[in-house]
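Here are the chains, one letter per residue:
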Amino acid sequence: MSGGRFAWCGGLVLRRRLRSLLSHGKMQGFPPMEIPALSSDVVLEVASPGAAPEFVPVTHTPFLMGRSRESGNDLTLEDRRISRSCAAIVSVDGAYRLEDRGHRQGLYVNGARVERKILDDGDVIEFGLEDSYRITFHSSLARHSVESMLTRIGTISTGTSTLGSSGLSKLNLLLEATSLLHSALPLDAVIRTMLDHAISITRADRGLLLEPDHAGSLKVRLARGGGCCDLEIASINPSQTALRQAVQHRAPIISDDMSLAGLDLKSAESVVIQGLRAVVAIPLYAVPHASSEESQLLARGQLLGAVYLDSRRPAAFSNLDRQILDALGGQAASILDNARLVEHERERQRMEQELEIGRNIQQGLLPQGLRDFPHLEVTGIQYPCQAVGGDYFDVFPLSNDRTAFLIADVAGKGLGAALLTTMLQGALSGMTLGVEPVKVLNHINRFLCDHSVVSRYATMFFGIVDSAGVLEFIHAGHPSPLLLRGDQVSDLYTEGSFPVGLVEEAEFTSIRTRLEPGDTLVLFTDGVIEAQDLKKQLFGFDRLHDVAAGATGKSIAEIQSTILEAVEEFARGAGASDDVTLLIVRYRKPVLK
């Protein structure tokens, strides 16, 4: 999405400035030129406090907006008061409609609160918050004002001379060059054509594009000569003095006649040996894309490369050529910057695809369609706060009258935690072969401690219930399940223990108790009790006890829904900071046949 948002802005401003020049040329009696048509894509002008507006094209619908990138948002709004899933722009019968997707403070268009609204050009979208984002909807680039981008290109003026047919031809070449910003050609092909244009405009002998290597030294990436031919990169020796001065001063170095240049540039070895009489070195810097001041400073400080032109003839670059080269340098920076953003976007998409594969595998390993057992009713659900998570639960029979169930929470989130959950699930499934649960947990603990480089541990509750209601359980640093008996709620245990994989000397033991028919166990992970509201307050154990107490006597599905709804309502607008997992188990005395 973001790869092209600054490309069209820079190209649009340059076209407008060039149109002004062309109009000036026409008033002087020169023939009119054909101007490439502008796009009519939908664009959002995104303004946040203390930052310059950004221009984001709406390239597809639904176009999602919200606080978290992990929620699949196309436009991330870095304000904790804005909901993770906030709003969407959708295409409806050729128009664009704004939809509220659950923003707590509500959406406002031109000051009026809306649930859904067809957007018109110039509509202003706000989020019911002071000092927050303000988004202007633009349905036509031709009507879109981006005067704030003019400084990026510089002022192009005709000076004291009139704009002759030669100048118009050069402007036409530059217009063709800027149109490359919207092309689908490979990056190298675009840069070759732009260098060819620059050489044609200035009548230079050769044009180069340089990019910094890992050490920050500028190296030639592409070299072009007159006649649109490639030059052998190994034989190219640009003036390092000119390039160094351009980077140091963060401004173009343009010398029409080396005999009049400064001593250090005039006496540079490469200049003398090659007999250079004119040199242009234009540094290319990234434009700021992020809203924060720190990110903008980092973006402005990143050197993307340089455009370099030289000639063995003096005065190869006229005043008009200087201004055109400044503008062309701005466009070259946009192309490189966009290429960098596109590469980042492709990498992000690749990572998202891999995470999606991981998510599908992890979700596939969870019990699908939990079935009831003769002596147990079970239901469970998991909501990872990222694509993959560190929580998991499982339920499986050990024999005809014994059923095992467990819940685990691996420290951390993301792929690392997900990998360990998969390993634990495979290891614990070995209990179906008749291995004692205590031996399995002690073995897993030693294995993880022996491989301390993994730097992961897990809290866990493992239980087995037989048809007579005998519950045998092992707890490894996990919060105690709630026991719902009649209209009473209590903790199953109060003593602590070590997580699996944290302390090598830890020895886990099993505890036995008996369940009565109708007894219900509510198992949960930290994501439930550590859910936060907008004031950073935790949901907590006490609130969970109260919610569970209000759900006694309900079905296990209703208990699950009641708890989830309470957590979601408590954290509305703040978003989840950890995986949320619930497993509800109810013992029932089997019917004798």
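Residues numbered from 1 in each chain as written. Predicted model: local features only at pLDDT ≥ 70, side-chain atom pairs only at ≥ 80, totals over all residues. Heavy atoms only, no water.

Asker: What is the right way to read the overall build of the protein chain from this model?
Answerer: Summing up its helical and strand segments, the protein chain has 14 helices and 27 strands in all. The buried share of the protein chain, reckoned over its 593 residues, is 48%. Long-range contacts, defined here as pairs at least 24 residues apart, represent 65% of the contacts in the protein chain between residues at least 6 apart. (Helix = DSSP H or I, 4+ residues; strand = E, 2+ residues; numbered from the N terminus. Buried < 20%, exposed > 50% of the residue type's maximum accessible area, 1.4 Å probe, protein only. Contact = heavy atoms within 4.5 Å.)

Asker: Help me understand empty space enclosed by the protein, please; the structure alone is not making it clear to me.
Answerer: Take a probe with the size of a water molecule and roll it over the atoms, and the empty space left behind shows itself. Tallied over the entire structure, the rule returns one cavity of 30 Å³ or more. Volume-wise, the largest cavity comes out at about 100 Å³. The wall of the largest cavity is formed by 10 residues, among which Ile191, Met194, Leu195, Val307 and Ala332 lie closest to the centre. At the level of elements, helix H4 (187–202) and helix H9 (319–365) are the ones that each hand at least two residues to the lining of the largest cavity. Split into classes, the residues belonging to the lining of the largest cavity amount to 10 nonpolar, no polar and no charged. (1 Å grid on protein atoms, 1.4 Å probe; cavity = no way out; pocket = protein on both sides within 12 Å on 5 of 7 lines; lining within 4 Å. Points joined across faces, edges and corners; volume = space filled by probe spheres on them. Nonpolar A, V, L, I, M, F, W, Y, C, P; charged D, E, K, R; others polar.)

Asker: What exactly am I supposed to notice about a nonpolar patch on the surface here?
Answerer: Among the surface-exposed residues, Tyr457, Phe498 and Leu502 lie close enough to one another that they form a single nonpolar patch of about 280 Å² accessible area. Looking at where Leu502 falls in the secondary structure, it is placed in the loop between strand E24 (488–491) and strand E25 (511–514). For Leu502, a relative accessible area of 45% gives the class partly exposed. (Patch = residues over 30% accessible without salt bridge, like charges linked within 9 Å, V, L, I, M, F, W, Y side chains within 5 Å. Areas by Shrake-Rupley, 256 points an atom, 1.4 Å probe, with all protein chains shown as cover. Salt bridge = Lys/Arg side-chain N within 4 Å of Asp/Glu carboxyl O.)

Asker: Is there a simple way to explain the sheet that holds strand E7 (residues 107–109) in this structure?
Answerer: Hydrogen bonds between backbone atoms are what pair the strands of a sheet, whose relative direction is either parallel or antiparallel. Taken in spatial order, the six strands make up an open sheet running E2-E1-E11-E10-E7-E8, and their pairing is antiparallel. Strands with a single pairing partner mark the edges of an open sheet, and in this sheet they are strand E2 (54–57) and strand E8 (112–114). Across the sheet, the mean angle separating the axes of adjacent strands is 30 degrees when strand polarity is ignored. Pairing geometry for strand E1 (residues 43–47) and strand E11 (residues 134–138), over five bridges, is antiparallel. Looking across to E11, one finds that Glu45 is bridged to Thr136. (Pairing = 2+ DSSP bridges. Axes fitted to C-alpha atoms, helices over the stretch in contact; angles between N-to-C directions.)

Asker: Can you help me understand unusual backbone geometry in this one?
Answerer: Keep in mind that most residues, glycine aside, have a negative phi and that most peptide bonds are trans. The omega torsion across Thr61 and Pro62 is 0 degrees, close enough to zero to call that bond cis. Phi is positive for Asp93, close to 50 degrees, though the residue is something other than glycine. Here Asp93 is to be found in the loop between strand E5 (87–92) and strand E6 (95–100). You will see that Asn110, though not glycine, has its phi angle at about 55 degrees, which is positive. Along the chain, the position of Asn110 falls in the loop between E7 and E8. Overall, Asn110 belongs to the partly exposed group, its relative accessible area being 49%.

Asker: Can you walk me through the pattern of salt bridges in this structure?
Answerer: Side chains carrying opposite charge are able to pair once their charged atoms draw close together. Under the defined criterion, the tally for this structure stands at 14 salt bridges. In this structure, Arg224 engages Asp196 in a salt bridge whose closest nitrogen and oxygen atoms are separated by 2.7 Å. Of this pair, Arg224 sits in strand E13 (residues 218–225) while Asp196 sits in helix H4, and the two are 28 residues apart along the sequence. Neither Arg224 nor Asp196 differs from the other in exposure class; each is buried. Note that Glu569 is salt-bridged to Arg572, the shortest N-O span being 3.4 Å. Exposure remark for Glu569: the relative accessible area of 45% places this residue in the partly exposed category. Through salt bridges with shared partners, a single ionic network connects Arg192, Asp196, Arg224 and Asp230.

Asker: Honestly, the packing of aromatic side chains in this entry has me stumped. Any pointers?
Answerer: Between two aromatic rings, the relevant description is the distance of the centres plus the angle of the planes. The tally for this structure, following the rule as stated, stands at seven aromatic pairs. With a centroid separation of 5.5 Å and an interplanar angle of 25 degrees, the aromatic rings of Phe461 and Phe473 are classed as stacked. With a gap of 12 residues between them, Phe461 in strand E21 (residues 458–466) and Phe473 in strand E22 (residues 470–476) connect regions that are remote in the sequence. Look at Phe461 and you get buried, because its relative accessible area is 0%. (Phe/Tyr/Trp six-rings, centres within 6.5 Å; stacked < 30°, edge-to-face > 60°.)

Asker: How should the side chain of Asn442 be read in this particular structure?
Answerer: Counting through the fold element by element, Asn442 comes out in helix H11 (residues 437–450). Looking at Asn442, its side chain comes within polar contact range of the side chain of Glu507, at 3.4 Å. Setting aside its immediate chain neighbours within four residues, Asn442 contacts Ala506, Glu507 and Phe508. (Polar contact = N/O pair within 3.5 Å; in protein donor to acceptor, adjacent residues only side chain to side chain.)

Asker: Honestly, H11 in this entry has me stumped. Any pointers?
Answerer: In a regular helix each residue adds 1.5 Å, so 14 residues correspond to 20 Å; H11 covers 20 Å between its end C-alpha atoms and thus fits that length. Along H11, the positions that sit buried rather than exposed are Pro437, Val440, Leu441, Asn442, Ile444, Asn445, Leu448 and Cys449. (Expected span 1.5 Å × (residues − 1).)

Asker: Hey, could you run me through the confidence of the model for the protein chain in this one?
Answerer: Any segment with low pLDDT has predicted coordinates that should not be analysed in fine detail. When pLDDT is averaged along the protein chain, the result is 75; 69% of the residues meet or exceed 70. When the elements of the protein chain are averaged for pLDDT, helix H2 (residues 150–153) gives the smallest value, 31, and strand E26 (residues 520–524) the largest, 97. Within the model, pLDDT remains below 50 along residues 1–40, and this stretch shows 105 contacts once partners closer than five positions in the same chain are excluded. A low-confidence stretch, residues 141–165 stays under pLDDT 50, and its non-local contacts, those more than four residues away or across chains, total 65 contacts. (pLDDT = per-residue confidence, 0-100.)

Asker: It is not clear to me how the pairing of E26 should be interpreted in this structure. Could you clarify?
Answerer: The side chains of a regular strand alternate, first on one face of the sheet and then on the other. Counting buried positions along E26 yields five of five residues, so the element is predominantly enclosed. Because side chains alternate across E26, one face comprises the buried residues Thr520, Val522 and Phe524, and the other comprises Leu521 and Leu523, equally buried. In this structure, strand E23 (residues 482–485) lies alongside E26, joined through three bridges in antiparallel fashion. In the sheet register, Leu483 faces E26, and the bridge partner there is Leu521. For E26 and strand E27 (residues 580–587), the ladder comprises five bridges, and the chain directions are antiparallel. Residue pairing for E27: Leu523 is matched across the bridge by Leu583.

Asker: I keep staring at the environment of Gly225 and nothing clicks. Help me out?
Answerer: Its location among the elements puts Gly225 in strand E13. Each C-alpha atom, one on Gly225 and one on Ser200, is 9.9 Å from the other, the two residues being 25 residues apart in sequence. With sequence-adjacent residues up to four places away left out, Gly225 is seen in contact with Ile199, Asp205, Arg206 and Leu231.

Asker: Where do I start with the sheet that holds E24 in this structure?
Answerer: Within the open sheet, the five strands sit side by side as E18-E27-E26-E23-E24. Their pairing is antiparallel. Each of the sheet's edge strands pairs with one partner strand only, and the pair in question is strand E18 (376–383) and E24. Sheet twist, expressed as the average angle between the axes of neighbouring strands with direction ignored, equals 15 degrees.

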